[in-house]
Amino acid sequence: MKEIRLDSPLNGELVELSQVNDPAFASGAMGFGAAVKNPEGKVYAPVDGEITVLFETKHAIGIHGVNGEDLLIHVGLDTVKLSGEHFTAHVEQGASVKKGQLLLEFDVEAIKAAGYDITTPFVVTNSSEFEKITIALGDKEIVSAQAEEKATAVTADDEYADLPKEARVAKLIEKYVGGMDNVRNAEHCATRLRLIINDKSKIDEKAIENIDGVKGQFFAAAQYQIILGTGFVDKVFAEFTKGTNFSGVSNKEEAYAQMTPLQKISRTLGDVFVPIIPVLVATGLFMGLRGAAQSLGVEFSPNVLLLSQILTDTAFIFLPALVCWSTMKRFGGTPVIGLVLGLMLVGPQLPNAWAVAGGDVQPIPMDVFGMTIGIVGYQGSVLPALVLGIFAAKLQKALKTVVPDIIDLIVTPFVTLFISMILGILIIGPIMHALETTIFGAVSAFLQMPMGIGGFIVGGLQQVIVVFGVHHVFNALEVQLLASTGVDPFNAIITGAIVAQGGAAVAVALKTQDPKKRALYISSAVPAFLGITEPAIFGINLRFMKPFLYALVGGACAGGVASFLHLAGTGMGITVLPGTLLYLDHLLEYVIVNLIGFGIAFALTFTLFKPEE
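Residues numbered from 1 in each chain as written. Predicted model: local features only at pLDDT ≥ 70, side-chain atom pairs only at ≥ 80, totals over all residues. Heavy atoms only, no water.

(A) Expanded view of the overall build of the protein. The helix and strand tally for the protein stands at 23 helices and 19 strands. Taken over the C-alpha atoms alone, the protein extends approximately 95 × 60 × 50 Å along its principal axes. Here the protein holds 613 residues, and 50% of them are scored as buried. Long-range contacts, defined as pairs at least 24 residues apart, comprise 71% of the intrachain contacts of the protein with a sequence gap of at least 6. Counting 41 positive and 57 negative side-chain charges, the protein places the centres of these two groups 3 Å from one another. (Helix = DSSP H or I, 4+ residues; strand = E, 2+ residues; numbered from the N terminus. Buried < 20%, exposed > 50% of the residue type's maximum accessible area, 1.4 Å probe, protein only. Contact = heavy atoms within 4.5 Å. Lys, Arg positive; Asp, Glu negative; His and termini not counted. Charge placed at Lys NZ, Arg CZ, Asp CG, Glu CD.)

(B) Summary view of the sheet that holds strand 4 (residues 42-44). The sheet built from 3 strands is open, its strands ordered 4-10-8 with antiparallel pairing. Looking at the sheet topology across the chains shown, the edges are occupied by strand 4 and strand 8 (87-89). Each strand of the sheet is rotated relative to its neighbour by a mean of 15°, with strand direction disregarded. Of the strand pairs in this sheet, strand 8 and strand 10 (residues 102-106) are connected by 3 bridges, and their pairing is antiparallel. (Pairing = 2+ DSSP bridges. Axes fitted to C-alpha atoms, helices over the stretch in contact; angles between N-to-C directions.)

(C) Here's a closer look at the packing of helix 11 (residues 319-330) against helix 12 (residues 335-345). For the pair helix 11 and helix 12, interaxial distance at closest approach is 7 Å and the crossing angle is 150°. With respect to their mutual orientation, helix 11 and helix 12 come out roughly antiparallel. Crossing angle aside, the handedness with which helix 11 passes helix 12 is right-handed. Across the interface between the two elements, Pro 320, Ala 321, Cys 324, Trp 325, Met 328 and Lys 329 from helix 11 touch Pro 335, Ile 337, Gly 338, Leu 339, Leu 341, Gly 342, Leu 343 and Leu 345 from helix 12. Split by residue class, the contact of helix 11 with helix 12 holds 11 nonpolar, 2 polar and 1 charged. (Parallel < 35°, antiparallel > 145°, perpendicular 65-115°, else oblique. Left-handed = near helix turned anticlockwise from the far one by under 90°. Nonpolar A, V, L, I, M, F, W, Y, C, P; charged D, E, K, R; others polar.)

(D) Quick peek at the packing of aromatic side chains. Scanning the entire structure with this criterion turns up 9 aromatic pairs. Each ring, one from Phe 414 and one from Phe 418, has its centre 6.3 Å from the other, and the planes form 5°; the classification is stacked. Here Phe 414 and its partner Phe 418 are both found in helix 15 (residues 405-447), 4 residues apart, which amounts to about one turn of the helix. Its relative accessible area of 57% is what places Phe 414 among the exposed residues. Measuring from centroid to centroid gives 5.4 Å for Phe 544 and Phe 609, while their planes differ by 50°, and the two rings are tilted. Residue Phe 544 is found in helix 20 (residues 534-544), and its partner Phe 609 is found in the segment after helix 23 (587-608); the two are separated by 65 residues along the sequence. Residue Phe 609 is classed as buried on the basis of its relative accessible area, which comes to 1%. (Phe/Tyr/Trp six-rings, centres within 6.5 Å; stacked < 30°, edge-to-face > 60°.)

(E) Spatial organisation of the UniProt feature "active site" (unreviewed entry) in the protein. In the numbering adopted here, UniProt assigns the feature "active site" (unreviewed entry) to Cys 189. Structurally, Cys 189 is set in the loop between strand 14 (183-188) and strand 15 (192-197). A relative accessible area of 22% means that Cys 189 is categorised as partly exposed. Excluding its chain neighbours within four sequence positions, the residues that come into contact with Cys 189 are Arg 194 and Val 233. (UniProt positions renumbered as here; feature names shortened; annotations may be inferred.)

(F) Examining the confidence of the model for the protein more closely. Summary statistics for the protein give a mean pLDDT of 86 and a share of 93% for residues scoring 70 or more. Within the protein, the lowest mean pLDDT, 47, falls on helix 3 (residues 145-159), and the highest, 96, falls on helix 23. Low pLDDT, under 50, characterises residues 145-156; the stretch is placed with 19 contacts to residues that sit more than four places away or in other chains. (pLDDT = per-residue confidence, 0-100.)

(G) The environment of Arg 192, seen in detail. The residue Arg 192 is located in strand 15 in this model. The buried category is assigned to Arg 192, whose relative accessible area is 9%. A sequence separation of 115 residues divides Arg 192 from Leu 77, and the C-alpha atoms of the two residues are 38 Å apart. Beyond its immediate chain neighbours, meaning those up to four positions away, Arg 192 contacts Glu 187, Phe 218, Gln 225, Ile 226, Ile 227, Val 233 and Glu 534.

(H) Spotlight on the sheet that holds strand 11 (residues 120-124). An order of 2-3-11-7-6-5-9 is seen for the 7 strands of this open sheet, with the pairing classed as antiparallel. Both outer strands of the open sheet, strand 2 (13-16) and strand 9 (96-97), are each paired with one neighbouring strand and no more. The sheet contact formed by strand 6 (residues 60-65) and strand 7 (residues 70-74) spans 5 bridges and is antiparallel. Bridge assignment links Gly 62 to a residue of strand 7, and that residue is Leu 72.

(I) Region of interest: the pattern of salt bridges. Using the criterion set out here, one finds 7 salt bridges in the structure. Linking Lys 242 and Glu 239 is a salt bridge whose minimum nitrogen-to-oxygen distance equals 3.4 Å. Take Lys 242: its relative accessible area is 58%, and that puts it in the exposed class. (Salt bridge = Lys/Arg side-chain N within 4 Å of Asp/Glu carboxyl O.)

(J) A look at unusual backbone geometry. Positive phi values are uncommon outside glycine, yet Lys 58 reaches one of about 65°. With respect to the helices, strands and loops of the structure, Lys 58 is situated in the loop between strand 5 (49-54) and strand 6. At Met 451, a residue that is not glycine, the phi angle is positive and equals roughly 60°. In this fold, Met 451 is placed in the loop between helix 15 and helix 16 (453-467).

(K) Here's a closer look at a nonpolar patch on the surface. A grouping of Phe 446, Met 451, Ile 453, Phe 456, Ile 457, Leu 461, Phe 564 and Leu 565 is seen on the molecular surface, where their side chains present a nonpolar patch of about 750 Å² in accessible area. Tallying contributions element by element places helix 16 first for the nonpolar patch, with 4 residues. Note that Ile 457 resides in helix 16. (Patch = residues over 30% accessible without salt bridge, like charges linked within 9 Å, V, L, I, M, F, W, Y side chains within 5 Å. Areas by Shrake-Rupley, 256 points an atom, 1.4 Å probe, with all protein chains shown as cover.)

(L) Expanded view of the environment of Asp 181. Tracing the chain through its elements places Asp 181 in the loop between helix 4 (165-176) and strand 14. When the C-alpha positions of Asp 181 and Asn 198 are compared, they lie 8.3 Å apart, and in sequence the two are 17 residues distant.

(M) Broad picture of the packing of helix 9 (residues 277-295) against helix 10 (residues 302-317). Two elements in contact, helix 9 and helix 10, have axes whose closest approach is 9 Å; the angle formed by their N-to-C orientations is 145°. Viewed along their axes, helix 9 and helix 10 form a crossing whose handedness is left-handed. Every residue of helix 10 that contacts helix 9 at Val 279, Leu 280, Thr 283, Phe 286, Met 287, Arg 290 and Gln 294 is listed here: Leu 305, Ser 308, Gln 309, Leu 311, Thr 312, Ala 315 and Phe 316. Along the lines of polarity and charge, the residues of the contact of helix 9 with helix 10 split into 8 nonpolar, 5 polar and 1 charged.

Right under this line is the structure:
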C-alpha cells in the first residue's frame, strides 16, 4: 500500500485527533488524521483533487485527491447548527482544485462568541488503504495512528505467518485477549467463539477486529463473542483450546452470574428447547412435503396416510416427554426420569387433551382438599412439562444429599417420580396449563391483529431482541404454536426480519470501494440468508447503525405482509433459504415476504447510506 504526506489545510496548532472533544473523531471512527486548534479563518486545499462534498452549511468539505485519498475537513465542532452563518465558500461541489487553493473562510471570533469549539479535525476517511499517513504543519508532524496499528498488526501477522489460517487467527486472538490466563472458559456456537473473560481491560478490541478472518466482536450475554463464520469457527476453536482443559461445554454458572434476569430466562429456555428443535424441524419438513403433495393433487392410500401421520404427529403427542427430558438434563437431574415423567403427562389412561377440547370426552373428576379437579392429559403442552422438569430436578438433587448411597439407586428415583407425578397431575399441570392457555391466547390475538399490525411490530423488533441476546424466549412460544395449531406464524414473520439484515449488509458491501472490506462484508452477509444474522449485524449493520435501522424497516414491512397473508410454517428453527422447505404448500407467498424484507432493506441502505459515514 502507498504512503502519503499531507500539509495541514489550516494554520494553527497541530494536535492529535485524541485531543478533539468529539468521540467520533477522537476515537478514529471517522478516519485517521489530525486536528488544528486555534486555527486561522481560512481552509486551503492540502492536495490536488476534486471537491466531492460541500455541505450547504459550509462547515465541512470533502476532497478526493489525485493519489486516491478521501479527505474530510470539518471546521469546528457542532458548527452545522450555525446553518452556514459566519462561513464563506470559494469553491463549489464537483470543482477541481489545486494544492494551496483557498476553499473556505470563516469568522473565528464570531463562531467562538456563538459558543462553539473551533478546533478543526482533518481526517483521511479511507485511511485503511494507506500504509502510512503523515500530516505536517510547520516543524510538527503527526503520523497516523492507523499506520502504527497497521505496523503492529503486520508484525503480529508475520510472527504467525507460516501457520495455517485457523492457527494464526487462534494465536492472535489469544494474544489480544490478554493470554489464556485471562480466559476463564471457551465455547463456540455456529458462528462465534464465545469467551468468559477475567479482566475485560486486557482485551485489545481494535486489534482483534483487525485480524484477517475476524468479522466482528462484542460483549453479550456475559460473554466476549468473536464472529468467525460458520465452519471456520470450529477450526479456530480447536486450535484455540489446544493444550487447555476447555471442553467447549458452557460454564453456565459463571456466565449466568453475570447476566440480567431476562438474559438468564432466555438462556435457560434456549438450553431447554434448542436440543429438541431438530426433531421439530424434521417433523415440520414432513408436514410441508405432505401438504405440498396434496396441493398438487396427490392422493394417499389410507396406510400411507397413516404412516405420514406417525411421522408428523408423534413429536407433538409426546412433546411433554421431550420437554421434561431436556429440562431435567439442563437442571442437573437424570434425563430418563424426566422422560418418564413427561410420558406420564400424556399417559393413555388420561383423557386426551385434544379430545377433551373437542368435547368428545370428559376430564376425570378428582376431589383434592374439597376441590374438584378435572384430570386430563397434556398432549402438546409445554409449560406443565417445563415446570415439572425443574421441580423434579431440584427434588432429585435434594434427595441425593440426604439419601444414603447404598439405597440411593432405589429410593431417589422412586420418591422423585412419585411426588413429581402426583404434583404434576393434580397441581402443577392444571395451573400451568391454564396459564399456558392464557398466554397462548394473548399471543395469538396479537399476531392476528388486523392489517398485519402484529406482524409489523414483531418483524420490526425481533432483530433488536437478537442484539440483546434474549431471542431464545420465543422458542417456547413457537413450540406451543406448533403443538396447538400445527403451524408457526412466528417463523414466517421473523424470516423477513432475518433476510432484511442480509439485504442491508449486501448493500453496504456493494457501496464499499475497498475490495478487501467488500469481500469481508459479503462473507458476513451470506449467513443471514441461511438464517444466522449475527455476522451481518455485529460485523456490518450495527457498526454503521443506519443499515441496521433500515433493515428493521424491511423486517417490519415483511412481517406485516406475512401476518396479513396469514403465512405460517409447518415447523420451526429454519428460516430464509432453508426455511423454504417449511412452506412448500405456500411457496409463492413465502418468496414474496422474503423479497419484501430484502428489497426494502437493500433499497434504503443502498440509497441513503454513505460509506464515508
